[in-house]
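Now for the letters of each chain:
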Amino acid sequence: MAFQYRTQVAMIGAGHAGIEAALASARLGVETVLFTLSLDALANLPCNPSIGGTAKGHLVYEIDALGGEMGRVADLVTLQSRTLNTGKGAAVQSKRIQADRRKYQSIMKHTVETTPHLRLIQAEIVKLHTVENNGNKRVCAVETKLGEIWECERVIVATGTYLESAIFVGSVSYEAGPDGLLPAKGLSSSLAEAGVRIVRFKTGTPARVKRETIDFSQLEEQPGEEMILPYSACHDESLFASLSQIPCHIVYTNSETHRIIRDNITRSALYSGKIHGTGPRYCPSIEDKLVRFADKERHQLFVEPMGENTEEMYIQGFSTSLPTDVQYEMLRSLKGFEKAEIMRYAYAIEYDCADPTQMNATLEFKNIQGLYGAGQFNGTSGYEEAAAQGLVAGINAARAVLGKDPIVLERSGSYIGTLIDDLVTKGTNEPYRMMTSRSEYRLLLRQDNADQRLTPIGYEAGLISEARYQAFLAKKALQDAEIDRLERTHLSPAQANPFLLSIGETELKSGASLADLLRRPPVTYASLAEIDPDRPVLPAAVALTVEVSIKYEGYANRQLSEVARKKKLEEKKLPVDLDYQKIRGLRLEAAQKLSAIRPLTVGQASRISGVSPADISVLLIYLGMK
């Protein structure tokens, strides 16, 4: 007879989604068990050894602002920090750090191990148990491969790329998870039996190369930035005062590299027909890049360290499923890699995941009460997207146990809200990757104001401590006071014009405030110090937000007006049992999509692929809404 155990929330998978979900649930006082196939794989970075990147850096800041863990640990394991897109506006600038892979895992594991209300268990979950509840299914337990049955009220599935996973290298394929770890077997069919629609996706990773076999003198060096701002509000820039950053490097493919790949492309698992899952459009394998961008003479690759105490180097942009002999041949065609030795071969991995349109914005399945999905199980790609979803799923699962209303993040208020809204309304036919272009409100959703947008929500949820919240309020007061001072401090032409002429700006004809001067593109907050001797000494993060807030004020106000206009549609609720097939004038495709996705609001319905503005007008008229 199976042993019986009990918890309130069962968390399946200890990747980035699972960790954030489990920590959030436990920190809210709910008894939580985190199951993982291997304790040694907890918080693994199986692909690129970095945290952040374009739009992904925004997600990390938002995770921290809500009380999540990723940003805090990323700060502690930083090998190098860079801000991407510095030549563009602040809205699309994103922080990316090179992380010490094993140190990141170690800190995360110890954090999980020492968190009250949270148990960490190495066990494979192979079955989901459900019961009927008023005609619908409700989760009641999970079962391990060893036959243990854990009764629970909520289950969060965050299986990453392990679910029925298979590795592909050339003509060789075998069942395995990332880094050659065991795959998760059985759970996929159990979820399907419960009513979860399963899809098959694919991703991949490049080879790892031994550092001493690379001739770095032939590569372009890519140093880190001088002023490093932390991801987490738990730290300030002084954390990095003594950091000796490890440089990254750039190398390019060439005509010989391309010839080798083209000559062997039929040996790639991707083009030989062995892989059936859909791969990521925005992070393709190198052979896929050559097919898609046949006119490009070269492709940029980044050579990045895997950690401070390892010789492994990661070749970003060189992902492939070509056989090992071809991997060596194409690698050694690169400048500086003529004698390179591979420590880990590149591979593609195929895995099961769920169609996310089956979920609500809380990440709970609509037809299975108490079941939540997060991370790559929901069809996304990337550590940051996974952690963001895990945090939301963990908060909402815990709040459901506690009898509290769920927290739904609006797409106008966060990239996390945008990410989840895209998934549950539009779905995805390939691994979803967050980009700044996915948000129509990106001028409002900057990295520097993530705390202003989300820390009050994290505080209300119970994940932001009183001390941290008071520190947030103090920081905001500093920002507001300095913006007010800059608006009120006026200079005469005689005071301002020498400075303006020195930077090639038009002279003033009459007086202007410091804020007006700062709105000029070439003027920075730092450069204004020359004619602003009475300014207070501010932390770098506060000064940044002050500058960006003033420069973007006009654009931001226009977007805020658009948010207010669209908010009316977001507030118009749709009946859960509405029969869309009976609404006259609604196109068949729209009725089918609305019936399948079951949006909660008119605003959500308007973003479903296949539902036109005309359909929304018909819907509003039918419901008698204005």
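The coordinates are above.
Residues numbered from 1 in each chain as written. Predicted model: local features only at pLDDT ≥ 70, side-chain atom pairs only at ≥ 80, totals over all residues. Heavy atoms only, no water.

A. Helix α15 (residues 540-551), seen in detail. Under the 1.5 Å per step criterion, the end-to-end length of α15 is 17 Å for 12 residues, consistent within 8% with the ideal 16 Å. Inspection of α15 places Val542, Ala543, Thr545, Val546, Glu547, Val548 and Ile550 among the buried residues, and these make up the whole buried set. Those residues of α15 hidden inside the fold are in contact with α11 (450-461), α12 (466-488), α14 (514-518) and α16 (553-571). (Helix = DSSP H or I, 4+ residues; strand = E, 2+ residues; numbered from the N terminus. Expected span 1.5 Å × (residues − 1). Buried < 20%, exposed > 50% of the residue type's maximum accessible area, 1.4 Å probe, protein only. Contact = heavy atoms within 4.5 Å.)

B. Structural detail: the packing of α12 against α15. Closest axis-to-axis distance for the α12/α15 pair is 9 Å, and the angle between their directions is 45°. The orientation of α12 with respect to α15, classified from their angle, is oblique. Crossing angle aside, the handedness with which α12 passes α15 is right-handed. Packed against α12, whose contacting residues are Lys475, Leu478, Gln479, Glu482, Ile483 and Leu486, the element α15 presents Ala541, Val542, Thr545, Val546, Ser549 and Ile550 at the interface. Among the residues making up the contact of α12 with α15, the classes are represented as seven nonpolar, three polar and two charged. (Axes fitted to C-alpha atoms, helices over the stretch in contact; angles between N-to-C directions. Parallel < 35°, antiparallel > 145°, perpendicular 65-115°, else oblique. Left-handed = near helix turned anticlockwise from the far one by under 90°. Nonpolar A, V, L, I, M, F, W, Y, C, P; charged D, E, K, R; others polar.)

C. Molecular detail of helix α6 (residues 255-263). Burial in α6 covers these residues: Thr257, His258, Ile260 and Ile261. Seen end-on, α6 carries its buried residues on one side only, within an arc spanning 160°. Set apart from the buried face of α6 by more than 90 degrees, the exposed residues are Ser255 and Asp263. In this fold, the buried residues of α6 make contact with α7 (286-292) and α8 (324-331). One side-chain oxygen at the N-terminal end of α6 lies 3.0 Å from the backbone nitrogen of Glu256; it belongs to Asn254. (Arc of directions from axis to C-beta. Polar contact = N/O pair within 3.5 Å; in protein donor to acceptor, adjacent residues only side chain to side chain.)

D. Region of interest: the nonpolar core. Within the largest apolar cluster, 103 residues are counted, with the highest numbers of intra-cluster contacts made by Ile51, Val155 and Leu371. Per element, the largest residue contribution to this core is 11 residues, and it comes from helix α9 (residues 383-401). When sequence neighbours within four positions are dropped, the list of residues in contact with Val155 reads Ala10, Ile12, Leu128, Val139, Val142, Gly370, Leu371 and Tyr372. (Core = buried A, V, L, I, M, F, W, Y, C linked by side-chain atoms within 4.5 Å.)

E. Inspection of the packing of aromatic side chains at higher detail. The final tally for this structure, using the stated rule, is eight aromatic pairs. With centroids separated by 5.7 Å and ring planes inclined at 75°, the aromatic side chains of Phe35 and Trp150 adopt a geometry described as edge-to-face. With Phe35 in strand β3 (residues 32-36) and Trp150 in strand β10 (residues 149-151), this residue pair connects regions lying 115 residues apart in the sequence. Take Phe35 and Trp150: they sit in the same class, and that class is buried. When the centroid spacing of 6.4 Å and the interplanar angle of 65° are considered together, the rings of Tyr552 and Tyr555 count as edge-to-face. Residue placement shows Lys95 over the ring face of Phe240; its charged tip is 5.8 Å from the ring centre. One residue, Arg535, lies across the ring of Tyr525, its end atom 3.9 Å from the ring centre. (Phe/Tyr/Trp six-rings, centres within 6.5 Å; stacked < 30°, edge-to-face > 60°. Lys NZ or Arg CZ within 6 Å of the ring centre and 35° of its normal.)

F. Expanded view of the pattern of salt bridges. Summed over the entire model, instances satisfying the criterion amount to 48 salt bridges. Linking Arg72 and Glu69 is a salt bridge whose minimum nitrogen-to-oxygen distance equals 2.5 Å. Its relative accessible area of 23% is what places Arg72 among the partly exposed residues. In this structure Glu69 comes out as buried when scored by relative accessible area, which is 4%. (Salt bridge = Lys/Arg side-chain N within 4 Å of Asp/Glu carboxyl O.)

G. Geometry of the sheet that holds strand β17 (residues 248-252). Taking strand neighbours across the sheet as the criterion, the six strands line up as β16-β17-β18-β19-β15-β20 in an open arrangement whose pairing is antiparallel. Each of the sheet's edge strands pairs with one partner strand only, and the pair in question is β16 (220-222) and β20 (342-344). Sheet twist, expressed as the average angle between the axes of neighbouring strands with direction ignored, equals 35°. (Pairing = 2+ DSSP bridges.)

H. Just the sheet that holds strand β21 (residues 347-354), in detail. With antiparallel pairing, the four strands of this open sheet are ordered in space as β13-β12-β21-β14. With partners counted over all chains shown, the strands left at the sheet margins are β13 (172-175) and β14 (198-205), one partner each. On average, each strand axis in the sheet is inclined to that of its neighbour by 25°, with strand direction left out of account. Two strands pair when backbone bridges link them, and strand β12 (residues 166-169) and β13 are joined in this way by four bridges, in the antiparallel orientation. Across the sheet, residue Phe168 finds its bridge partner in β13, namely Ser173.

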